[in-house]
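Analysis of the macromolecular model
The residues making up each chain are set out below.
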Amino acid sequence: MKILVTGGAGFIGSNLCEVLNYNSSNQIIVLDNYLTGLEENHIKGVKYIKGNTCDIDNLINFSPDIVYHLGEYSRVEQSFNDMELIYQSNMIGTFKVIKFCQKHKCKLIYAGSSTKFGDNGNGRNQSPYGWSKASNVDLVKNFGKWYGLEYAITYFYNVYGKREISDGKYATLIALFAKKYKKGEPLTVVSPGTQIRNFTHVDDIVSGLVIVGEQGQGDGYGIGTSESFTIFEIAEMFGGKIKMIPERPGNRMFGDLHVEKTERLNWKPRHSIADYIKIITKMKGD
């Protein structure tokens, strides 16, 4: 197949491209603006185009069979200071991607956000990021009703693993903890520390994305592990000192796990965050 991956130079996108590229009959093309993507994440044999999804019609001059749309702004707490960026990327950019898929009659796999399931459904309006992602789910579904757009919507749960971002304001939790642990620095836990999360390995996310891309239709494909831990429990697994820091806006306390539809496609997570942390701590000990 001819597959377009937006955000394919980023953390999850690069791992997806790597797996999709195992099939030599696939042609993988990436569109990425490199806000968080890196050239060092490039996969041999994949074609890369630098640019914003807002300009997808000018940058992509072919009709893909399928579009994996991962190229959106994707941080909760930081989103309060990045509203203009979110509007450009998540609202205008995603609208352009949806229109592109409608025009070329290709299947859209949209990476929604599990934040909308947080705190009994209030998560969708707890942050600019959560609002933008939940709004885009509504938009994708309505395009399916109004214009016959073929789509499947996935939801990720707290992804960690290879190529995770460990530096800067877009660093993710497990990579940040691992970096601080290796340096002997205290692990900073946002108060109250009892926030519950379902940490899911990027390999499990990618295997779910591929299956949904092949077989999924419609909304509701959660990709997450049933294991849940508080942020404080995760910090304790690393060992060492823990430093509590003040609460931050948009920080949901819990979220519902919705993986039933994905499991019906014979998907199961194979990795455990506890095992992953054990490897990190053992490496430091060695």
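It should be emphasised that the depicted structure is a prediction, and the values quoted were computed from it without experimental measurement. (Residues numbered from 1 in each chain as written. Predicted model: local features only at pLDDT ≥ 70, side-chain atom pairs only at ≥ 80, totals over all residues. Heavy atoms only, no water.)

**Notes on the pattern of salt bridges**
The following threshold applies: Salt bridge, as used here, is a side-chain nitrogen of Lys or Arg placed within 4 Å of a carboxyl oxygen of Asp or Glu. Numbering of helices and strands runs from the N terminus; a helix is a DSSP stretch of H or I covering at least four residues, while a strand is a stretch of E covering at least two. The buried label goes to any residue with under 20% of its type's maximum accessible area, the exposed label to any with over 50%, and the partly exposed label to all in between, with areas taken from a 1.4 Å probe on protein chains only.
Going through the model one piece at a time under the given rule, you end up with 10 salt bridges. Close ionic contact of Lys162 with Glu18 constitutes a salt bridge, the shortest N to O distance being 3.0 Å. Taken as a pair, Lys162 in the loop between strand E7 (159–160) and helix H5 (173–183) and Glu18 in helix H1 (residues 11–20) lie far apart in primary sequence, 144 residues in all. In this structure, Asp167 engages Lys179 in a salt bridge whose closest nitrogen and oxygen atoms are separated by 1.9 Å. Remark: Lys179 occurs in helix H5 and Asp167 occurs in the loop between E7 and H5; sequence separation between them is 12 residues. With relative accessibility at 46%, the residue Asp167 sits in the partly exposed group. A relative accessible area of 27% places Lys179 in the partly exposed class.

**Considerations on unusual backbone geometry**
Here the residue pair Ser191 and Pro192 is connected by a cis peptide bond, since its omega of 10 degrees sits within 30 degrees of zero. In this structure, Pro192 sits in the loop between strand E8 (187–190) and strand E9 (196–197). If you check the backbone angles, Asn120 has positive phi at about 60 degrees while not being a glycine. Relative to the elements of secondary structure, Asn120 occurs in the loop between strand E5 (107–113) and helix H4 (128–147). Since its relative accessible area comes to 62%, Asn120 is described here as exposed. Unusually for a residue other than glycine, Arg163 sits at a positive phi of about 75 degrees. Position of Arg163 among the secondary structure elements: in the loop between E7 and H5. A relative accessible area of 25% means that Arg163 is categorised as partly exposed.

**Here's the deal with the packing of helix H3 (residues 83–104) against H4**
Quick reminder of the rule: An axis is simply a line fitted to the C-alpha atoms; with a helix, the fit covers only the stretch in contact. Between two such axes, the angle follows the N-to-C directions and lies from 0 to 180 degrees. Angle categories are assigned with fixed cut-offs, so that under 35 degrees is roughly parallel, over 145 is roughly antiparallel, 65 to 115 is roughly perpendicular, and the rest are oblique. Here is the rule for handedness: rotate from the far helix to the near one, and if that takes an anticlockwise turn smaller than a right angle the crossing is left-handed, while a clockwise turn gives right-handed. Residues count as neighbours in contact if any of their non-hydrogen atoms are within 4.5 Å of one another. All residues other than Ala, Val, Leu, Ile, Met, Phe, Trp, Tyr, Cys, Pro, Asp, Glu, Lys and Arg, Gly among them, are scored as polar; the first ten of these are nonpolar and the last four charged.
Two numbers describe how H3 lies on H4: the axes approach to 10 Å, and their chain directions differ by 15 degrees. On the basis of the axis angle, H3 is roughly parallel to H4. The two elements H3 and H4 cross, and the hand of that crossing is right-handed. Across the interface between the two elements, Met83, Ile86, Asn90, Met91, Thr94, Phe95, Ile98, Lys99 and Gln102 from H3 touch Pro128, Tyr129, Trp131, Ser132, Lys133, Ser135, Asn136, Leu139, Val140, Phe143 and Tyr147 from H4. Grouping the amino acids of the contact of H3 with H4 by side-chain chemistry returns 12 nonpolar, six polar and two charged.

**Overview of the sheet that holds strand E6 (residues 151–156)**
Operational definition: Two strands are counted as paired when DSSP detects at least two bridges linking them.
The seven strands are arranged E3-E2-E1-E4-E5-E6-E11 in an open sheet whose pairing can be described as parallel. Bordering the open sheet on either side are strand E3 (47–50) and strand E11 (218–223), each of which pairs with just one other strand. This sheet shows a mean twist of 20 degrees between the axes of neighbouring strands, independent of strand direction. Relative to E3, strand E2 (residues 27–32) runs parallel, the two being bridged by four bridges. Across the sheet, Leu31 pairs through a bridge with Ile49, a residue of E3. Its contacts with the sheet place H4 against E5, E6 and E11, and it is angled at close to 150 degrees to E5.

In short, shape yes, function no, at least from these values alone.
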